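# Descriptive structure summary
One-letter residues, chain by chain:
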Amino acid sequence: MDLTPLRSYAESLDSQDPLASFRARFVIADPQLIYLDGNSLGRMTLASQARAQHLLDQEWGRDLIRGWNDNWWEAPVRVGEKIAQLVGAAAGQVIACDTVSINLFKLSASALALCSGRTRIVTDTLNFPSDLYILQGLVRMLGNRHVILRIGSQDGDITPDLGALAAAIDENTALVTLSHVTFKSGYLYDMAAVTEIAHRKGALVLWDLSHSAGALPVGLDACNADFAIGCTYKYLNGGPGAPAFLYVRKELQEQVFSPICGWWGQNAPFAFGLDYTPAPGMRRFLTGSQPILSLLAMEAALDPVLEAGMLALRAKSVRLSEYLINLSDVLLVPLGFSLGSPRSADQRGSHISLRHKEGYRINRALIEQMQLLPDFREPDNLRLGLTPLYTSFGEVWEGVDRIRRVVEEKRYAQYPLDRLTVT
Ligand SMILES: Cc1ncc(COP(=O)(O)O)c(C=O)c1O
């Protein structure tokens, strides 16, 4: 097959891309490397690199303890307000802190305490395992009074069983907690519809936005969400292990109490009183000292996302995804791949899973021989992340072509089936 027209089409899409100039705001250390894993770890912005350097040389290096009063102490609130603009939250409802897992623990404990007469927690089997583990640990800690119901899928873990979800949410349900975009297939829940179903039964809803914040417009306030959590190291490009964020709807804030009552969440931390009184508003969800270096490096990375705007980012993400799926249909499906993500853009986040029985070894060959970085999720998903701020259509073309070559030339066959630690 003559592939020239497919390659030229990518070039024409790039030449019409209104966000193309944002790629220059990122460190591209190796122009030959095709990076399709921003859904796991976003690229580094030049702004974060400069901010981290300044922090090391000037703020920590020279100013020392004075940094706390200069701009460190208020950082969780200030950064939270920036993230709020990206997830459809009015001011005073988002704070940046801790990890997604820890924030889920704090907020799900808060939610269960608010609905103390109810014992059901509803989630799904497509959720990120850490979320399920945190819920299991919490239930054990609370004396095994609660039951976690996990809704399955009828199509091989691509789409959740929405009928079963609606049926599971009843008058005994305290909390419904789901990933807005699921980590393997990229399925995108209808946040407004699910939240409404839960509220009709009097249950609270907690959304994990790890795969949607920065990838698509999120309307937490508009959907009446109660709680949300999310990471900043994927589409917000905050850096490895950068702090997460959490959202609590305004009307709930004074009613809930974080289960980890650290001094950063205390009303007057520098009074050093011996009894805990929660700070008003979102500060009560802080625990202890925050990782200032990575928090402030992450803060700098938010500006390009805010400048580009979530509507423009979503429009490009959909175009990138449609292009990838079309290329895959023509070039990869004949080689044994199948689409592991929803075909319809309105049910999809910003990554695409392509399933192949040799997915693991293909991923290894791509990384080690082809200068292409996707990732692999069991049992057979090659995950391709499309970050509209810096992924180009040319990279999508080149990425698909390298996958084609690895399979056609059986370059994966030399690798063992044993998994490396990080896949
Ligand atoms: C959807 C989702 N939730 C939770 C987590 C866990 O986040 P953390 O390691 O910050 O606790 C991840 C990590 O990738 C994730 O993708």
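In this text the structure is predicted, and so the values were computed from the model without any measurement.

## Details of the site of the ligand
Close to the ligand lie 13 residues; Thr99, Val100, Ser101, Phe128 and Ser210 are nearest. Among the elements of the structure, α5 (100-114) and α6 (129-141) are those that each provide at least two residues to the shell around the ligand. In terms of residue class, the shell around the ligand is made up of five nonpolar, six polar and two charged.

## Comments concerning the nonpolar core
Core analysis: the biggest nonpolar cluster contains 84 residues, and Val87 and Ala228 have the highest contact counts within it. Two domains each provide a minimum of three residues to this core, namely domain 1 (4-45 + 309-409) and domain 2 (49-307). Counting residues in each nonpolar core, the second largest holds 29 residues, with Ala10, Leu327, Leu384 and Trp397 among its members.

## Describing the sheet that holds strand β12 (residues 375-377)
In space, the four strands of this open sheet follow the order β9-β10-β13-β12, with antiparallel pairing throughout. Two strands close off the open sheet at either side, each with one partner strand: β9 (338-339) and β12. With two bridges connecting them, β9 and strand β10 (residues 351-355) associate as antiparallel partners. When the sheet's bridge partners are listed, leucine 339 is paired in β10 with leucine 354.

## So, the sheet that holds strand β4 (residues 147-151)
Read across the open sheet, the seven strands follow the order β2-β8-β7-β6-β5-β3-β4; overall the sheet is mixed. The open sheet has two free edges, formed respectively by β2 (94-97) and β4, since each of these has just one partner strand. Strand after strand, the sheet turns through a mean of 20° between neighbouring axes, direction not considered. In this structure, strand β3 (residues 120-124) lies alongside β4, joined through five bridges in parallel fashion. Residue pairing in the sheet places valine 122 in a bridge with leucine 149 of β4. Docked against the sheet, α5 engages β5 (173-179), β6 (204-208), β7 (227-230) and β8 (244-248), running at close to 170° with respect to β7.

## Remarks on the domain arrangement of the chain
Accessible area lost when the parts come together is the quantity often used to give the size of an interface. Segmentation of the chain into domains returns domain 1 (4-45 + 309-409) and domain 2 (49-307). A straight line from the C-alpha centre of domain 1 to that of domain 2 covers 28 Å. Counting residues at the interface gives 29 residues for domain 1, matched by 26 residues for domain 2. If you list the elements that add at least two residues to the side of domain 1 that touches domain 2, you get α10 (310-332) and β10. Here the side of domain 1 that touches domain 2 takes four residues from α10, the largest share from any one element. Along the lines of polarity and charge, the residues of the side of domain 1 that touches domain 2 split into nine nonpolar, 15 polar and five charged.

## A closer look at the packing of α5 against α6
Relative to each other, α5 and α6 sit at 45°, their axes nearing to 9 Å. On the basis of their axis angle, the class for α5 and α6 is oblique. As α5 runs across α6, the sense of the crossing is right-handed. Residues Ser101, Leu104, Phe105, Ser108 and Ala109 of α5 touch α6, and the partners they reach there are Ser130, Asp131, Ile134, Leu135 and Leu138. Among the residues forming the contact of α5 with α6, the class breakdown is six nonpolar, three polar and one charged.

## Quick look at α5
Quick reminder: α-helices carry 3.6 residues per turn. Residues three or four places apart thus point the same way. Taking 1.5 Å as the rise per residue, α5 with 15 residues should run 21 Å; its terminal C-alpha atoms sit 21 Å apart, in good agreement. Among the residues making up α5, those that are buried are Val100, Asn103, Leu104, Phe105, Lys106, Leu107, Ser108, Ser110, Ala111 and Leu112. Those residues of α5 that are buried lie in contact with α6, β5, β6, β7 and β8.

## Here's the deal with the pairing of strand β13 (residues 381-385)
With five of five residues buried, β13 lies mostly within the body of the structure. Of the two faces of β13, the one carrying Asn381, Arg383 and Gly385 and the one carrying Leu382 and Leu384 are both buried. As judged from the five bridges shared by β10 and β13, these two strands associate in the antiparallel manner. Looking at β13, one finds that histidine 351 is bridged to glycine 385. Pairing of β12 with β13 involves three bridges; the strand directions are antiparallel. Note on β13: the bridge partner recorded for phenylalanine 376 is leucine 382.

## A closer look at the pairing of β5
Of all seven residues making up β5, seven are buried, and the element is well covered by its neighbours. Here β3 runs beside β5; their pairing, made up of three bridges, is parallel. Among the inter-strand pairings, valine 122 is bridged to a residue of β5, identified as valine 176. In this sheet, β6 lies alongside β5 in parallel orientation, the contact comprising five bridges. Note on β6: the bridge partner recorded for valine 176 is valine 205. Taking the sense of rotation as the criterion, the β-α-β connection linking β5, helix α8 (residues 191-200) and β6 turns out right-handed.

## Section: the environment of histidine 199
Within the element layout of this structure, histidine 199 appears in helix α8. Remark: the alpha-carbon pair of histidine 199 and isoleucine 169, spanning 30 residues in sequence, is separated by 9.5 Å.

The rules behind these values
Residues numbered from 1 in each chain as written. Predicted model: local features only at pLDDT ≥ 70, side-chain atom pairs only at ≥ 80, totals over all residues. Near = placed C-beta within 6 Å. Helix = DSSP H or I, 4+ residues; strand = E, 2+ residues; numbered from the N terminus. Nonpolar A, V, L, I, M, F, W, Y, C, P; charged D, E, K, R; others polar. Core = buried A, V, L, I, M, F, W, Y, C linked by C-beta atoms within 7 Å. Buried ≥ 20, exposed ≤ 12 C-beta atoms within 10 Å, placed from the backbone. Domains from an automatic or database assignment. Pairing = 2+ DSSP bridges. Axes fitted to C-alpha atoms, helices over the stretch in contact; angles between N-to-C directions. Contact = placed C-beta atoms within 7 Å. Parallel < 35°, antiparallel > 145°, perpendicular 65-115°, else oblique. Left-handed = near helix turned anticlockwise from the far one by under 90°. Expected span 1.5 Å × (residues − 1). Right-handed = clockwise from strand over helix to strand, strands pointing away.

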